[in-house]
Amino acid sequence: RVQQWYLSLPHFRKMLFKDGSQESVTGLALGMTREFGGPLYGVAQAGSAAFGKAGAYSFGMFGLGLQGPRWSGWRVGAEALAGAAGGGGVAVGSGAAAQAEAWLQWEGRSASDRLRVRVGAGQWRALGGEKHSTPMVNLSLGYAFGALGQ
């Protein structure tokens, strides 16, 4: 089973702040996936704001994903995560948050290649307070290890 570590740059287009303003925020996150067999995998990620006015904003989420078969070095998938977020003046109410993302990933020409480059798009949502949501895009660079194969 393949495991992957990722360094990600999630960009949230319009985060709602407690002062009522809305601004974009870009984070820096570390994520991990673990295949369960077939198309199902588990995912976890944690990160903080790196760019934008939400300097102390941090998040930690976990969830499940589905991925398609590898095709000519490419793979597509989708995942849904839930967890906690807060700080930096971002209006997240009780701190509960969720996100859903569809992604496209380059895995190299050979099934044994370990480098992963992923781009995704989806939606982030605060589950408490004003329950606002914002579109997000995500760029990730990853490394696969474990039993590699098709």
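Up top is the structure.
Predicted, not measured: the structure shown is a model, and the values here were computed from it.

Quick notes on the rules
Residues numbered from 1 in each chain as written. Predicted model: local features only at pLDDT ≥ 70, side-chain atom pairs only at ≥ 80, totals over all residues. Heavy atoms only, no water. Helix = DSSP H or I, 4+ residues; strand = E, 2+ residues; numbered from the N terminus. Rg over C-alpha atoms; globule rule 2.2 N^0.38 Å. Buried < 20%, exposed > 50% of the residue type's maximum accessible area, 1.4 Å probe, protein only. Contact = heavy atoms within 4.5 Å. Lys, Arg positive; Asp, Glu negative; His and termini not counted. Charge placed at Lys NZ, Arg CZ, Asp CG, Glu CD. Pairing = 2+ DSSP bridges.

K.L.:
Please clarify how the overall build of the chain should be interpreted in this entry.
P.N.:
For the chain, the helix and strand inventory stands at zero helices and eight strands. Along the chain, from the amino end to the carboxyl end, the secondary structure elements read β-β-β-β-β-β-β-β. Over its C-alpha atoms the chain spans a radius of gyration of 16 Å, differing by no more than 12% from the 15 Å that the globule rule assigns to 150 residues. Each of the three principal axes of the chain carries a C-alpha extent, and together these read 50 × 25 × 20 Å. A burial count over the chain gives 42% of its 150 residues as buried. For the chain, long-range pairs separated by at least 24 residues make up 56% of all intrachain contacts whose partners lie at least 6 apart in sequence. Positive and negative charge centroids in the chain, built from 14 and 8 side chains respectively, lie 4 Å apart.

K.L.:
Any chance you could explain the pairing of strand E3 (residues 40-51) here in plain terms?
P.N.:
If a strand is regular, its side chains alternate between the two faces of the sheet. Pairing of strand E2 (residues 22-37) with E3 involves eleven bridges; the strand directions are antiparallel. Paired with Ala29 across the two strands is Gly47, which belongs to E3. The turn joining E2 and E3, which pair antiparallel and follow one another in sequence, is formed by two residues; a positive phi near 65° is taken by Gly38. Summarising the sheet, E3 and strand E4 (residues 58-67) pair through nine bridges and their orientation is antiparallel. Its bridge partner being in E4, Tyr41 is matched across the sheet by Gly65. If you look at the hairpin formed by E3 and E4, you'll find six residues sitting between the two strands, and Gly52 has a positive phi there, around 110°.

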